[in-house]
Amino acid sequence: MKQLTFLLAFIFAVTVSAFADVKAGEKLFFKKCKGCHAFGKKKMGPDLSGISQRANAEWLKKWLTDTKGTWAADDPITQNLKSRVKEKRPKHKTPRKLSGEKMDNLIEFLMTK
Ligand code: HEC
């Protein structure tokens with residue numbers, strides 16, 4: 001019984017923490033990114049619905065921390081983006097002070113989209 005209680009508490013803690021990350025990321029998105037992005041419609045930046053299918057967490061982190069470098073590296077995910085936006089240089093701007101846990105939460109949220 002003691003073991004079962006422990007197991008349930010563990011599962012609960014893991015579930016809650018995973019949920020909290022996505023929620024925190026969502027909040028951050030609507031604070032920092034919604035001026036240029038939405039889900040289901042294009043704003044100044046591309047519609048981000050389906051982003052987890054077009055990109056992966058590793059690429060998103062690269063894009064959000066080093067946009068110019070990612071643009072220059074021209075990997076297949078970036079090529080796909082370029083083919084849709086037809087810009088010579090990136091217009092995307094990651095607001096400053098987005099790193100560590102905040103960045104991870106944001107990416108976690110984007111990967112649910
Ligand atoms: C000033 C407007 C602006 C802001 C603010 C901005 N972006 Fe962008 N974003 C863009 C534009 C424009 C593009 C298209 C590529 C380009 O021109 O840079 C883009 C591209 C992207 C892409 C690639 C989209 C795709 O369809 O492949 C992702 C992902 C992204 N932005 C995420 C974010 C996140 C997350 C934030 C908030 C931290 C954010 N952006 C803030 C303008 C913005």
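Everything numeric in this text was worked out from a predicted model, so none of it was measured. (Residues numbered from 1 in each chain as written. Predicted model: local features only at pLDDT ≥ 70, side-chain atom pairs only at ≥ 80, totals over all residues.)

K.L.:
Give me the overall build of the protein chain: which residues, what numbers.
P.N.:
A count of helices and strands for the protein chain gives six helices and zero strands. Its helices and strands in sequence order give the protein chain the pattern α-α-α-α-α-α, from N to C terminus. Along the longest, intermediate and shortest principal axes, the C-alpha atoms of the protein chain span 65 × 25 × 25 Å. The buried share of the protein chain, reckoned over its 113 residues, is 12%. (Helix = DSSP H or I, 4+ residues; strand = E, 2+ residues; numbered from the N terminus. Buried ≥ 20, exposed ≤ 12 C-beta atoms within 10 Å, placed from the backbone.)

K.L.:
Explain the site of the ligand residue by residue, including any values.
P.N.:
For the ligand, the set of nearby residues contains 27 residues, the closest of which are C33, C36, G45, P90 and H92. Contributions of two or more residues to the shell around the ligand are made by α1 (2-32), α2 (51-54), α3 (57-65) and α5 (76-85). Residue contributions to the shell around the ligand peak at three residues, all from α3. When its residues are assigned to classes, the shell around the ligand shows 17 nonpolar, five polar and five charged. (Near = placed C-beta within 6 Å. Nonpolar A, V, L, I, M, F, W, Y, C, P; charged D, E, K, R; others polar.)

K.L.:
Tell me about the confidence of the model for the protein chain, and please be specific about residues and values.
P.N.:
In this model, the protein chain carries an average pLDDT of 92, and 96% of its residues clear a pLDDT of 70 or more. No element of the protein chain has a lower mean pLDDT than α1, at 84, and none a higher one than α2, at 97. (pLDDT = per-residue confidence, 0-100.)

K.L.:
So what's going on with the environment of K32? Which residues, and what values?
P.N.:
Locating K32 in the fold gives a position in helix α1. A residue is classified by how many C-beta atoms lie within 10 Å of it, and K32, with 18 of them, is partly exposed. The spatial distance from the C-alpha of K32 to the C-alpha of L98 is 9.4 Å, given a sequence separation of 66 residues. Setting aside anything within four residues of it in sequence, one finds K32 in contact with P95 and L98. (Contact = placed C-beta atoms within 7 Å.)

K.L.:
Requested: an account of the packing of α3 against helix α6 (residues 100-110), with residues and values cited.
P.N.:
Across the interface, α3 lies against α6 with an axial gap of 10 Å and an inter-helix angle of 130°. Relative to α6, α3 is oriented oblique. In the packing of α3 onto α6, the handedness of the crossing is right-handed. Residue-level inspection shows A57, L60, K61 and L64 of α3 in contact with α6, the latter providing M103, I107 and L110. Looking at the contact of α3 with α6 residue by residue, the classes come out as six nonpolar, no polar and one charged. (Axes fitted to C-alpha atoms, helices over the stretch in contact; angles between N-to-C directions. Parallel < 35°, antiparallel > 145°, perpendicular 65-115°, else oblique. Left-handed = near helix turned anticlockwise from the far one by under 90°.)

K.L.:
Residues and numbers for α5, please.
P.N.:
Of all ten residues in α5, one are buried; the element is thus mostly exposed. Residue K86 follows α5 closely and has a positive phi angle near 55°.

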